[in-house]
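Fold and geometry: a report
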Amino acid sequence: MTNHEIALIFFEIGEMLEAQGVPFKPQTYQQAAIALDNLEADIRQVYDQGGVKALMILPAIGDSMAAKIEEYIMT
């Protein structure tokens, strides 16, 4: 698993939400995707070191995005 894989998923979700006309959320997913793509540390290591709280410290990652990242890591 890589940061890029999760970023691609977030980009796709953002595109789907944008196509559905959902306000604000597409940009939120796109910002999170960009932050993950630019993150030098491996997202799994960040999670292993501090769990969801460590993820939420990252730029553009709030509690909802952190929960989605955790779900991806755990499955």
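The preceding data block contains the structure.
Residues numbered from 1 in each chain as written. Predicted model: local features only at pLDDT ≥ 70, side-chain atom pairs only at ≥ 80, totals over all residues. Heavy atoms only, no water.

1. Describing the overall build of the protein
We count it as follows: In this description a helix means any DSSP run of H or I spanning at least four residues, a strand means any run of E spanning at least two, and both kinds are numbered starting from the N terminus. Every radius of gyration here is taken over C-alpha atoms, with the globule rule written as 2.2 Å times N^0.38, N being the number of residues. With a 1.4 Å probe rolled over the protein chains alone, any residue whose accessible area is under 20% of its type maximum counts as buried; one over 50% counts as exposed, and the rest are partly exposed. By definition in these notes, contact holds between two residues if any of their heavy atoms fall within 4.5 Å. Counting rule for charge: Lys and Arg are taken as positive, Asp and Glu as negative, and neither His nor the chain ends is counted. By convention, the charge on Lys lies at NZ, on Arg at CZ, on Asp at CG and on Glu at CD.
What the protein contains, in helices and strands, is 4 helices and 0 strands. Beginning at the N terminus, the succession of helices and strands in the protein can be written as α-α-α-α. For 75 residues, the compact-globule estimate of 2.2 N^0.38 gives 11 Å, and the C-alpha radius of gyration of the protein, at 12 Å, lies within 12% of that figure. With respect to the three principal axes, the spread of C-alpha positions in the protein is 35 × 25 × 20 Å. Burial status across the protein gives 32% buried among its 75 residues. Across the protein, every contact between residues at least 6 apart in sequence was considered, and the portion connecting residues at least 24 apart equals 55%. Averaging the locations of the 4 positively and 11 negatively charged side chains of the protein gives two centres separated by 10 Å.

2. Describing the pattern of salt bridges
Defined as follows: By salt bridge we mean one thing: a side-chain nitrogen of Lys or Arg within 4 Å of a carboxyl oxygen of Asp or Glu.
In this structure the tally under the stated criterion is 1 salt bridge. The salt bridge partner of Asp48 is Arg44, with a shortest N-O separation of 3.1 Å. Of this pair, Asp48 and Arg44 both sit in helix H3 (residues 43–57), 4 residues apart, which is roughly one turn of the helix. Take Arg44: its relative accessible area is 31%, and that puts it in the partly exposed class.

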